Amino acid sequence: MGLDNVAVHWPRTGRFYDPVAPAEFVDFGEIVDMPISAPTAALAELIAKTGTVRATAYTELVDLILGLENVLYATENAVEDEDPVIDPDGCSWIAEGVEKFVARHRPYGEPVTFESVSEVLRALLGDGRLAEQQLRWLDSRLDRLRDDSGDPPQWNFTCAELSVLAAFYRRCAERGFAVYADA
């Protein structure tokens, strides 16, 4: 079982959040006809048909890019204390962070790997005001992502795939939808 991010109406009415009709995302289906990788096409098709992102594969990467934990799980407090929902402003923040990352990654090429993410984030943080402190933070985050053998995660994303992911959250933000984290 994994994590799904489901577009829902904001704010909720009654006890539950109402899912957004897939018709709000039908244009994502047009992406499938473009010359793109199979994972990018699968993501676009899923969004077009269901208004949902299977977010499990993206959680570590999005957390690293945005510098927080469990962003796509929508949990800031204990799970039992809140609904696992990303409001429209949160969707905008996620979209903006992923969009900026993709733009900064383009000079490194289309494939997004653990190594390329590390390079992009090092370049970004190395120019900051607290560069040394931020680079230490990045190194500790990268080390925590390695397995017991010291091997990095085998991320196999593309800039196009992450652009589709960002577009989902952007659409939610622009239309005033929230995202329910269904784990």
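Above this note sits the structure.
Residues numbered from 1 in each chain as written. Predicted model: local features only at pLDDT ≥ 70, side-chain atom pairs only at ≥ 80, totals over all residues. Heavy atoms only, no water.

### What to know about the packing of helix α2 (residues 59-66) against helix α3 (residues 88-105)
Point 1. It is the contact of α2 with α3, at a shortest axis distance of 10 Å, that shows an interaxial angle of 85°. With respect to each other, α2 and α3 are oriented roughly perpendicular. Contacts between α2 and α3 involve Val62, Ile65 and Leu66 from the former and Trp93, Ile94, Gly97, Val98 and Phe101 from the latter.
Point 2. Within the contact of α2 with α3, the residues separate by chemical class into seven nonpolar, one polar and no charged. (Axes fitted to C-alpha atoms, helices over the stretch in contact; angles between N-to-C directions. Helix = DSSP H or I, 4+ residues; strand = E, 2+ residues; numbered from the N terminus. Parallel < 35°, antiparallel > 145°, perpendicular 65-115°, else oblique. Contact = heavy atoms within 4.5 Å. Nonpolar A, V, L, I, M, F, W, Y, C, P; charged D, E, K, R; others polar.)

### Considering unusual backbone geometry
Point 1. Residues Trp10 and Pro11 are joined by a peptide bond in cis, for which omega reads -10°.
Point 2. Along the chain, Pro11 falls in the loop between β1 (4-9) and α1 (38-50).

### Some points on α1
Point 1. The terminal C-alpha atoms of α1, which comprises 13 residues, lie 18 Å apart, in line with the 18 Å expected from a rise of 1.5 Å per residue.
Point 2. Listing the buried residues of α1 in full gives Thr40, Ala41, Leu43, Ala44, Leu46, Ile47 and Ala48.
Point 3. Buried residues belonging to α1 abut β2 (52-54), β5 (157-158) and α6 (159-174).
Point 4. Once α1 finishes, Gly51 follows within two positions and takes phi at roughly 65°, a positive value. (Expected span 1.5 Å × (residues − 1). Buried < 20%, exposed > 50% of the residue type's maximum accessible area, 1.4 Å probe, protein only.)

### A word on the pattern of salt bridges
Point 1. Per the stated rule, a full pass over the model turns up 13 salt bridges.
Point 2. Lys49 is the partner of Glu45 in a salt bridge, and the nearest nitrogen-oxygen pair spans 3.1 Å. Placement of both Glu45 and Lys49 in helix α1 is noted, with a separation of four residues, approximately one turn of the helix.
Point 3. One network of salt bridges, with partners in common, ties together Glu69, Arg141 and Arg144. (Salt bridge = Lys/Arg side-chain N within 4 Å of Asp/Glu carboxyl O.)

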